[in-house]
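Tertiary structure, described
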Amino acid sequence: MFFEDAFDVRLRRHITFAKRVDKTFSLIYSDKYKGPNSVCESTPSKLSTYRILEPGMILLEKYVSIKDQIDIIYECEKWAKSGFFNHCDHQNGAKCKVMNMCFGRNWDPNTGYKERYRSDGSEPPPIPYELVSLVKAAVQDAQAILNELPSMHPDICSVNYYPANGFLHLHQDHDESSDSLRRGLPVVSISIGECATFLYGDTRIKKKLKRIFLYSGDVLIFGGKSRLIYHRVKQIAQYTSPVQLVTEFGLRNDRLSLTFRQF
């Protein structure tokens, strides 16, 4: 395992709309899990297949190796067992089936990055440097194809856990700084587990949205002219995870996404 447990928890009283989940929450079936037995592999020497979706928007298919996916799941599992995943309910009372935790900066669906501390008074753990390196490598590989894509240094990682009936409403990622948005610094999203139906477009009109499928190991990048594109996760397709993640690692039949941004 390549991640380390360097994290100083600071306790303060603070109120947000997200609720801390029970510490027994787990991403994997513990009776199947055999423990980590791999280390982070380097970025593939030969770029995986890709699809250019829009100016500044590209899908790197099967970019993240199975070994790296396992290490990422294991890192998220540690924080899930520690109760760091929140139900992302909205201030207007709308329920969200997705659970979330953050590395780097605290984020809330109602207050964005305004609040530094989580609802339990703790700060988010730092982004593991291996993930930062992986994201930077993915952006560099995408830049070899898309000249208009800016570079970025991720200081935010939002981890979403989707159960089988999970989804996200149509939205834009616009909580980052005005400078980051103006420069079109890209959003980088890694998919792990079940396949997701992903809709996107430059409009809120549902009939005009385009559709792609995000499979385990895929990396979706959108920046530049596509930085403020509308997008949503419509649904999760069960029994589509790589066999190794289910039979050898014990990942539940659900989905993880790790989305990186620069504030």
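The present account deals with the structure reproduced in this document. (Residues numbered from 1 in each chain as written. Predicted model: local features only at pLDDT ≥ 70, side-chain atom pairs only at ≥ 80, totals over all residues. Heavy atoms only, no water.)

Quick notes on the overall build of the protein chain
Rule in force here: Helix numbers and strand numbers start at the N terminus; a helix is a DSSP run of H or I with at least 4 residues, a strand a run of E with at least 2. Throughout, exposure labels follow a simple rule: accessible area from a 1.4 Å probe, protein chains only, divided by the maximum for the residue type, with under 20% read as buried, over 50% as exposed, and the rest as partly exposed. In what follows, residue pairs with any heavy atoms lying within 4.5 Å of each other are defined as contacts. For the area figures, the Shrake-Rupley method with a 1.4 Å probe applies, and any residue is considered shielded solely by the protein chains shown.
Scanning the protein chain from N- to C-terminus turns up 4 helices and 13 strands. Going through the 263 residues of the protein chain one by one, you find that 54% of them count as buried. If you take every contact in the protein chain between residues at least 6 apart in sequence, the share linking residues at least 24 apart comes to 78%. Accessible surface, the protein chain: about 12,800 Å² in total, of which carbon and sulfur atoms supply 49%.

Structural notes on the pattern of salt bridges
Stated precisely, the cut-off is as follows: Whenever Lys or Arg places a side-chain nitrogen within 4 Å of a carboxyl oxygen from Asp or Glu, that contact is recorded as a salt bridge.
For the structure shown, the criterion picks out 7 salt bridges. Linking K78 and E75 is a salt bridge whose minimum nitrogen-to-oxygen distance equals 3.1 Å. Here K78 and its partner E75 are both found in helix α1 (residues 66-81), 3 residues apart, which amounts to about one turn of the helix. For the residue pair K78 and E75, the accessibility class agrees, reading buried in each case.

With respect to the state of the cysteines
Here, the word disulfide means a covalent bond between the sulfur atoms of two cysteines. Rule in force here: Defined by distance alone, a disulfide is two cysteine sulfur atoms within 2.5 Å.
For the structure on display, the rule yields 0 disulfides. Take C102: it sits in no disulfide, and the sulfur closest to it among the cysteines is that of C157, at 7.8 Å. A relative accessible area of 6% means that C102 is categorised as buried.

Take it as geometry only, folks, not as evidence of what the structure does.
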